[in-house]
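Given next are the chains, with one letter for each unit.
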Amino acid sequence: MILFWAIYYLDHTLSLRLGRPSTIHDIDITVDLPERPSEETHRAWSEWFRVLIEIARLHGLVYEKLYSPASFSKTHEERLSVSRHLDSWLRRISVDNASIAEHPVHRKQHMSLLLKSNAIVIGCLLTLTHRAASTGQRDGQALHINEACLEAARATIRGHLDIVSNSSTQTGSSASDCVHWRMLNCPSTPFLVLFSHVIFSCDQSDLDLLGAFVASLDTLASNLVVRQRESIDLFLQLCKPFYTLANHYVRASRQQPDTNHKDLWSSNTLEGHMPTYLDTNTLTDPNFSFLPPELFDAWLAGTQDLDLFDWPSIDMTTHA
């Protein structure tokens, strides 16, 4: 029974991340939830597992109602209504998750970590839920991320930073287990939402959050031996260029607000952080046309007409 629900959790969470429907459909499930144990100190673990199942179920609903191909045929008002319903459900689960800490529990330190990790996952789902309701244009802006989405993203990143700061002293196998569990529940969606917002608004406080998040990945990696660092190093290589780009963009926009957009890439700030096929030489090439700031919001929102854009000729086969 427990094995089935563990597989159910992995199936639903990975399906949403991969943008595919779950293999296990809720309507086909006949397996009961695990029984609550009689021992008081073990009951909290049972409640945590039930919350985990609810979180998995919400992953499936977020995909089905907001990110499946059929969901995109709904009007913005319909998607907004679904978003509000899922928001209420997620916040109820968040309360249930937090209440588990009030009960006596065996291995309290581990439970505390798992409850905080649950809160991160719930925050990621809240961010995704409100991001789906942020696609409508407002004031002529192609990219509009509503405040609920931004607040969920910020709170989730701060929650991640809190976990890292409170567990940086762990060593050995315990540190390895904790780091890999955090990587499984890492708030990549909130990070990308804040990146989009920073590019659009040049918000310094959100830029600082991005920087703190990237620094936290370095902190997590420092708790591991080299052979255990592969996954976190790869994720760090993904996040660092986003932060570097956002930082460079904000500084350039403030220092030279009226400059030509190609001049924004004249600094060596990006060197060493960009993919080899998009390095600083490419960015400063006079034949390279990058999206000007006024169209960057459309590009991030997925509404940019790429047929009207002059892309550089890049032979990707030479960089395989």
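- In the annotation of an unreviewed UniProt entry, the entry for the protein chain reads Xylanolytic transcriptional activator regulatory domain-containing protein, and the organism field reads Peltaster fructicola.

Considerations on the side chain of His160
Thinking step 1. Counting through the fold element by element, His160 comes out in helix α5 (residues 147-166).
Thinking step 2. For His160, the side chain forms a polar contact with the side chain of Ser216, separated by 2.8 Å.

Points about the nonpolar core
Taken as a class, soluble globular proteins show a tendency for nonpolar side chains to be buried jointly.
Thinking step 1. Among the nonpolar cores identified, the biggest contains 34 residues, and Trp48, Ile55, Leu86, Ile100, Met111 and Leu125 are the most heavily contacted of them.
Thinking step 2. For this core, the leading source of residues is helix α2 (residues 40-67), giving 13 residues.
Thinking step 3. Excluding residues within four positions of it along the chain, Leu86 makes contact with Leu58, Leu61, Val62, Leu66 and Thr129.
Thinking step 4. In terms of nonpolar packing, the next biggest core, distinct from the first, is built from 30 residues, Val198, Cys202, Phe213 and Leu245 among them.

Side note on the packing of helix α3 (residues 76-99) against helix α4 (residues 108-132)
Thinking step 1. Relative orientation of the contacting elements α3 and α4 amounts to 170°, with a least axis distance of 9 Å. As judged from the angle between their axes, α3 and α4 are roughly antiparallel. Counting all contacts with α3, which are made through Arg79, Ser83, Leu86, Asp87, Leu90, Arg91, Ile93, Ser94 and Asn97, the residues of α4 involved are Leu115, Asn118, Ala119, Ile122, Leu125, Leu126, Thr129, His130 and Ala132.

Observations regarding the packing of helix α7 (residues 188-201) against helix α8 (residues 204-222)
Thinking step 1. Between α7 and α8, whose axes approach to 9 Å, the crossing angle comes to 145°. The two elements α7 and α8 meet at a crossing, and its hand is left-handed. Together, Phe191, Leu194, Phe195, His197 and Val198 of α7 and Asp206, Leu207, Leu209, Leu210, Phe213 and Val214 of α8 make up the contact between the two elements.

Describing the environment of Leu52
Thinking step 1. Take Leu52: it is sitting in helix α2.
Thinking step 2. The exposure class assigned to Leu52 is buried, which follows from its relative accessible area of 6%.
Thinking step 3. With 45 residues separating them along the chain, Leu52 and Asn97 place their C-alpha atoms 8.9 Å apart.
Thinking step 4. Apart from the residues within four sequence positions on either side, Leu52 is in contact with Tyr9 and Asn118.

Some words on a nonpolar patch on the surface
Thinking step 1. Where nonpolar side chains cluster on the molecular surface, the patch consists of Leu10, Leu14 and Leu18 and spans about 290 Å² of accessible area.
Thinking step 2. As for its placement among the helices and strands, Leu14 is situated in helix α1 (residues 2-18).
Thinking step 3. In this structure Leu14 comes out as partly exposed when scored by relative accessible area, which is 41%.

A word on the environment of Arg20
Thinking step 1. Structurally, the position occupied by Arg20 is in the loop between α1 and α2.
Thinking step 2. For Arg20, a relative accessible area of 55% gives the class exposed.
Thinking step 3. Along the sequence, Arg20 and Glu64 sit 44 residues apart, while their C-alpha atoms lie 9.3 Å from each other.
Thinking step 4. When sequence neighbours within four positions are dropped, the list of residues in contact with Arg20 reads Ser15 and Tyr63.

A closer look at the confidence of the model for the protein chain
Thinking step 1. In this model, the protein chain carries an average pLDDT of 77, and 69% of its residues clear a pLDDT of 70 or more.
Thinking step 2. Least confident of the elements in the protein chain is helix α10 (residues 280-283), whose mean pLDDT is 44; most confident is α3, at 94.
Thinking step 3. Confidence drops under pLDDT 50 across residues 137-142; counting only partners more than four residues distant or on other chains, this segment forms eight contacts.
Thinking step 4. Of the regions scoring below 50 in pLDDT, residues 309-320 engages in ten contacts with residues more than four places distant in sequence or in other chains.

Considerations on the packing of aromatic side chains
Thinking step 1. A full pass over the atoms with the stated rule returns nine aromatic pairs.
Thinking step 2. Through successive ring pairs, a cluster of aromatic residues spans Phe191, Phe195, Phe213, Phe235 and Phe242.

Conventions adopted
- Residues numbered from 1 in each chain as written.
- Predicted model: local features only at pLDDT ≥ 70, side-chain atom pairs only at ≥ 80, totals over all residues.
- Heavy atoms only, no water.
- Helix = DSSP H or I, 4+ residues; strand = E, 2+ residues; numbered from the N terminus.
- Polar contact = N/O pair within 3.5 Å; in protein donor to acceptor, adjacent residues only side chain to side chain.
- Core = buried A, V, L, I, M, F, W, Y, C linked by side-chain atoms within 4.5 Å.
- Buried < 20%, exposed > 50% of the residue type's maximum accessible area, 1.4 Å probe, protein only.
- Contact = heavy atoms within 4.5 Å.
- Axes fitted to C-alpha atoms, helices over the stretch in contact; angles between N-to-C directions.
- Parallel < 35°, antiparallel > 145°, perpendicular 65-115°, else oblique.
- Left-handed = near helix turned anticlockwise from the far one by under 90°.
- Patch = residues over 30% accessible without salt bridge, like charges linked within 9 Å, V, L, I, M, F, W, Y side chains within 5 Å.
- Areas by Shrake-Rupley, 256 points an atom, 1.4 Å probe, with all protein chains shown as cover.
- Salt bridge = Lys/Arg side-chain N within 4 Å of Asp/Glu carboxyl O.
- pLDDT = per-residue confidence, 0-100.
- Phe/Tyr/Trp six-rings, centres within 6.5 Å; stacked < 30°, edge-to-face > 60°.

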